[in-house]
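Structural features, examined
Here's the letter readout for the chains.
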Amino acid sequence: MSAVGTIEQAHAHAHDDHGHDHHELHWIQKYVFSEDHKVIAKQYLFSGIFWAIIGGVLSLLFRLQLGFPDANMDWLQPLLGGWIKDGKLDPEFYLALVTMHGTIMVFFVLTAGLSGTFSNFLIPLQIGARDMASGFLNMLSFWFFFLSGVLMFISLFTSTGPAAGGWTVYPPLSALPQAIQGSQSGMTLWLLSMALFIVSALLGGLNYITTVINLRTKGMTFDRMPLTIWAFFITAIIGLLSFPVLFSGALLLIFDRSFGTSFFLSEIYIGGEHLTQMGGSPVLFQHLFWFLGHPEVYIVLIPALGITSEIIATCSRKPIFGYKAMIFSIVGIAFLSFIVWAHHMFVTGMNPFLGSIFMLLTLIIAVPSAVKAFNYIATIWRGNIVFTPAMLFSIGLVSFFISGGLTGIILGNAAADIQLHDTYFVVAHFHIVMGTASFFGMVAGVYHWFPKMFGRMMDETLGYVHFWLTFIGAYCVFFPMHYIGIAGFPRRYYSFTGFDAFSSFVDLNMFISISAIFTVTVQFIFLFNFFYSIFRGRRSPLNPWKSNTLEWTTPINPGHGNWPGEIPHVYRWSYDYSKPGAADDFIPQHIPFSQTKESNLPGEVDKE
Amino acid sequence: MNGLMLTAVGALILIILVLVYRIHTLVVVMRGAKSGDIGMANKVNAFIFPVFFFVGLALFYWSYQSAKPYFLPEAASEHGKITDGIFWEVMLILLIAFLVTNVLLYVFPFLYQYKEGKKAYFYPDNHKLEMVWTVIPALVMAFFVVFGLIEWNKIFTFPEESKCEVIEIMGKQFAWQVRYPGQDNTLGKYKFKEIDATNEFGIDLTDKASFDDFIPRELHIPKGKPVLLRIRARDVLHSVFLPHFRVKMDAVPGMPTKFWFVPTKTTAEMRAETGNPKFNYELACTEICGRGHFAMRFLVVVDDSADYEVWKKKQNPWVNENADYVRTKVPGFVAPGEEVKTTTPVAPVIVDTVNVVEELTKKGEVSLHINFASGSSDLTDASMPSVKSIFEFLTSDKKAKIEISGHTDNSGDAKKNKDLSKQRAQAIVDALVKLGIAKKRLEAKGFGAEKPVADNATEEGKAQNRRVEIKKI
């Protein structure tokens, strides 16, 4: 304890020495190349919103094709140019749309936009630190991400189109420019962009981990940390261990594409030509990809679960049920996430024995996941629930987490997966459990911490409308996809008319498309609310949600260094809501037990 | 114009939003409602949760009932019935979990909504309860794992090859091809280096076992007998998906895979059962493979064993259909029933190795040496790959129109040559129309020997001139 205290004091001291310099920061250092975690968090948030709009619009374009296969799309020509020919969307561009939608949503929105925003914003504020361990690395992390985004954005406008081999970019399709146009310059840009993205993720992750371990304020022991911080901490560890593997996969793919190596290629005859590459294995790439790809699901989901844990406890005015079990389940899920990747590959020709091992491991993940779901429900049981928009979205997340998690149990069953693999059942499953659930977590976080970010409140009524329309819309989009999947419809099909077996469900596809258009459109309510409230929102009180965590002890608009005076010390966990005997229904973490004698439980004394 | 319209509509929506919001704010101010109060809105939200759930549940039931008729018919393979069973049994158990958790999740918000003066129940944990909901899912999962594994291992325990119908299936951009072992029940070896425009499988002609292999245009399989698919791909990943048989396995270049199953219903039985006289089994691709991924349909027919044997007997080995080609690799090869011209030197045959689809897409024209029976306009089977590749181009570029022109060498009567070349071009048009291409997209022309591309003095030159030119118009 004393060591931590010394570091903390030294840090605070160093900070005070430079205190007077901060007024003279150039605006570029303050708002552009800023090292302040709060500014960087907002930069991630705005980038995330930008990419979410792009990703959403791309999905609408291919939903138009799927829902209205006979429609004339000439009206999209101003936007898509040559990709519309004679009123029809180009089939290769359809694949490019699907690919870019996946890449953008998974990496740029739900990884950078979610983890980047909230890990940066909340870690120092909730553990009681003046900033991240390295502000400079943190800044670098954002600008690597920015650069990666620029490359990906440019790839959308190349004449041969962006990458089109699916977001999983399996070779040989992604390795051979003659196999599909998207594997020309679009794929090169994709790989470069992802390489930069991984650098960004690693720099960010290192910082999150270091900060959580080293910069906690006095009294903020690991077993008092809010679950948000636990979630970000574990997420960063997962990222640090898994992203390098994707990096190696991407690197080998670059070699195969540009330098004639054959890591993933063998015996290929294409375009009337025998390729010289021999002895590589496409399945090797799949292993490397999913070694990140599966943990990535949890990189996306766990922060959202952390955010909702915090919001559900606060708004139910109850301690989170089973705090320790929640931590163990996050750790358990994180650990298991590394040893289940090959359940994406049951029918890729991998040895069936591996299939049985991965089926066993995969189904084990259901156990900690179930614990989390039950603990959420137990938390709202006998609560005194205040439905803020953040709370609504958090309950929405739990709903999606359950619905999507359950179908995962079917897909994890190798024998049942034979038929369902690469059908719309899979699309429905992961869009619900990882896409929508994480998206809801992210939106919940924005509603909840908006006052801390901008010193103003978002409009609640618009928030309610936004929630209900989005909630209904998202279920209308993804629920019917299960039916289409059970009927065997393969994913990434430009059109289903060629097959007798897949010629049904025309109406249902149209319904899904209309629902998707509706759902994306209602997000403008959020955007309006968000931007309007930044400038014109009601001024926020100091602690609008009557929350226990440390960020609400900072000024309404915290400056650089977060607390103007000394950093508060922590004496208790963050979930003392509605404690029997206490006058109020919350006791913030920085209140010592000596001041709350009336509500202390046996053994709760300040250990100073 | 449309862009302008869209912008206008967007702007209008934005303006309406702003207005509505302003009015709402003003109304709040007028009412004097204090911000920060927990009032009516909380009750409304609390009420919508259970309403959402029960209405949603009713819609779930209704939509399921109306979607059910469009699900695939009962599995037509032995393992398929069992995996379907696993799917629906697991689904049922999950449905129970879904209902229990969701009832709680949607009813609790209503029951425990904020009430003035009420205090929530301080309930940080209960180890017994947590133990219960850790152990129960663990037991259920263990149950799933055991039953799933038993079936999975059964599916991947392959029967002896001698007891199976072994069929090779090869995926390429963007079509499937199948090869049968023929009379000797042994598939001939293949070599990747032997693949070319005619020999699409890369059949190794030094292996005698390949001489009775045949490559039909439909996949026929017998009812009640294990079928072993040897699966490979020659360009990118594909995936063999036989939806009705619950079969799926990737086709991987450089790494052959396999899958076996026992068909249980013939096409005729399935037609009777589904009440659809046009019912057909199909083969699809489920691994993204490029532009034509969605169009890799291949017809599958399940015969009863007698019909299947009859069908097999009727098939002509690939080498016999491509005798000219085979002779370029195996000098002196003679197909059974083929007229042996030992006295006259064999006219050189040019084997097209160009990628028709690519040439047409890039250059807009291609010259092919399509085989016709000598002096007639009958297409030989050997020429089918070329016709098929033109067909592929026409399906990949749905709008393209092409002109097909026939050319001959200068031997024989000029008028006759011209007529013959026209008839030959027309024969290709007819073949394409038969494959489903609209007539208006095709134009046949005949030039006889009018437009030579090589010297007619040599046999080689003549062979060059006997050609068909395809041009995009």
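Residues numbered from 1 in each chain as written. Chains lettered and ligands numbered in written order. Predicted model: local features only at pLDDT ≥ 70, side-chain atom pairs only at ≥ 80, totals over all residues. Heavy atoms only, no water.

Structural notes on the overall build of chain B
- Within chain B, the regular secondary structure consists of 12 helices and 13 strands.
- Relative to a compact globule of 473 residues, whose C-alpha radius of gyration would be 23 Å, chain B shows 33 Å and is clearly more extended.
- By its C-alpha atoms, chain B is 110 × 65 × 40 Å across when sized along the principal axes.
- Every one of the 473 residues in chain B was classed for burial, and the buried ones make up 47%.
- Counted over contacts in chain B with a minimum sequence separation of 6, partners at least 24 positions apart contribute 70%. (Helix = DSSP H or I, 4+ residues; strand = E, 2+ residues; numbered from the N terminus. Rg over C-alpha atoms; globule rule 2.2 N^0.38 Å. Buried < 20%, exposed > 50% of the residue type's maximum accessible area, 1.4 Å probe, protein only. Contact = heavy atoms within 4.5 Å.)

Looking at the sheet that holds strand β12 (residues 442-446) of chain B
Residue and element names in this part refer to chain B.
- On the basis of which strands lie adjacent, the open sheet formed by 4 strands has the order β10-β13-β11-β12 and mixed pairing. If you trace the sheet from one side to the other, it starts and ends with β10 (365-368) and β12, each paired once. With direction set aside, neighbouring strand axes in the sheet form an average angle of 20°.
- Across 4 bridges, the pairing between β10 and strand β13 (residues 467-472) is antiparallel. In the sheet register, Ser-367 faces β13, and the bridge partner there is Glu-469.
- Contacts from helix α10 (residues 384-396) reach β10, β11 (402-407), β12 and β13 within the one sheet, and its direction differs from that of β11 by about 160°. (Pairing = 2+ DSSP bridges. Axes fitted to C-alpha atoms, helices over the stretch in contact; angles between N-to-C directions.)

Concerning empty space enclosed by the protein
- Applying the stated criterion across every chain yields a total of 5 cavities of 30 Å³ or more.
- Every residue lining the largest cavity is counted, 18 residues in all, and those nearest its centre are A:Thr111, A:Ser115, A:Ala201, A:Gly205 and A:Tyr208.
- When residues of the lining of the largest cavity are traced back to their parent elements, those giving at least two are α5 (91-127), α7 (185-214) and α8 (227-258) of chain A.
- In terms of residues, the lining of the largest cavity owes the most to one element, α7(A), which gives 6 residues.
- Its boundaries defined by the atoms lining it, the second largest cavity holds a volume of some 70 Å³.
- What lines the second largest cavity is A:Glu267, B:Tyr190, B:Phe192, B:Ile195, B:Arg232, B:Ala233, B:Arg234, B:Val252, B:Gly254, B:Met255 and B:Pro256.
- For the lining of the second largest cavity, a count of residues per class yields 7 nonpolar, 1 polar and 3 charged. (1 Å grid on protein atoms, 1.4 Å probe; cavity = no way out; pocket = protein on both sides within 12 Å on 5 of 7 lines; lining within 4 Å. Points joined across faces, edges and corners; volume = space filled by probe spheres on them. Nonpolar A, V, L, I, M, F, W, Y, C, P; charged D, E, K, R; others polar.)

Thoughts on the packing of aromatic side chains
- Per the stated rule, a full pass over the model turns up 117 aromatic pairs over all chains.
- Above the ring of B:Phe211, the side-chain terminus of B:Lys208 is found at 4.6 Å from the ring centroid. (Phe/Tyr/Trp six-rings, centres within 6.5 Å; stacked < 30°, edge-to-face > 60°. Lys NZ or Arg CZ within 6 Å of the ring centre and 35° of its normal.)

Examining the pairing of strand β7 (residues 257-261) of chain B
Residue and element names in this part refer to chain B.
- Along β7, 4 of the 5 residues are buried, which leaves the element largely enclosed by surrounding structure.
- For strand β4 (residues 227-233) and β7, the ladder comprises 5 bridges, and the chain directions are antiparallel. Note on β7: the bridge partner recorded for Arg-230 is Lys-258.

Focus: α5(A)
Residue and element names in this part refer to chain A.
- Taking 1.5 Å per residue as the helical rise, α5 with its 37 residues ought to reach 54 Å, and the 50 Å between its terminal C-alpha atoms agrees with that figure.
- The largest bend in α5 amounts to roughly 30° and is located at Met-105.
- Within α5, 36 of the 37 residues are buried, which leaves the element mostly enclosed by the surrounding structure.
- Sitting at the head of α5, Asp-90 places a side-chain oxygen 2.9 Å from the backbone nitrogen of Glu-92.
- With its phi angle positive at about 80°, Gly-128 sits one or two positions after the end of α5. (Expected span 1.5 Å × (residues − 1). Bend = angle between axes of the 7 residues up to and from the residue. Polar contact = N/O pair within 3.5 Å; in protein donor to acceptor, adjacent residues only side chain to side chain.)

A look at the interface of chain A and chain B
- Taken together, the 130 residues of chain A in the interface contact 115 residues of chain B.
- Counting the surface lost from both chain A and chain B, the interface buries some 10600 Å², and carbon and sulfur atoms represent 71% of this.
- Across the contact surface, chain A and chain B share 3 salt bridges.
- With its nearest N and O atoms 3.4 Å apart, the salt bridge here joins B:Arg297 to A:Asp500.
- Put simply, chain A and chain B have 35 residue pairs in polar contact (both at pLDDT 80 or more) between them. (Buried area = accessible area lost by both parts, 1.4 Å probe. Salt bridge = Lys/Arg side-chain N within 4 Å of Asp/Glu carboxyl O.)

Here we look at the nonpolar core
- Core analysis: the largest hydrophobic core is formed by 279 residues, its most contacted members being A:Phe107, A:Phe118, A:Phe530 and B:Phe245.
- By residue number, the principal contributor to this core is α5(A), which donates 21 residues.
- If we ignore the near neighbours within four places in the chain, the residues touching A:Phe107 are A:Ala112, A:Trp167, A:Met194, A:Phe197, A:Phe243, A:Leu246, A:Leu292 and A:Glu296.
- Formed by 27 residues, the second largest nonpolar core is a distinct cluster that contains B:Leu368, B:Phe393, B:Val429 and B:Ile470. (Core = buried A, V, L, I, M, F, W, Y, C linked by side-chain atoms within 4.5 Å.)

Remarks on the confidence of the model for chain A
- Considering every residue of chain A, the mean pLDDT works out to 92; 96% of them sit at 70 or more.
- Low pLDDT, under 50, characterises residues 1-21 of chain A; the stretch is placed with 12 contacts to residues that sit more than four places away or in other chains. (pLDDT = per-residue confidence, 0-100.)

Remarks on the pattern of salt bridges
- Taken as a whole and judged by the stated rule, the model has 36 salt bridges over all chains.
- In this structure, A:Asp90 engages B:Arg291 in a salt bridge whose closest nitrogen and oxygen atoms are separated by 2.7 Å. Remark: B:Arg291 occurs in the loop between β8 (281-285) and β9 (298-303) and A:Asp90 occurs in the loop between β2 (88-89) and α5; the pair is interchain, linking two chains.
- Under the relative-accessibility criterion, A:Asp90 is labelled buried at 7%.
- In this structure, B:Lys312 and B:Glu165 form a salt bridge, with 3.2 Å as the shortest nitrogen-oxygen distance. Here the residue B:Lys312 occupies a position in helix α6 (residues 305-314), and B:Glu165 occupies one in strand β1 (residues 165-172), the gap between them amounting to 147 residues. B:Glu165 matches B:Lys312 in its accessibility class, with the two residues each being buried.

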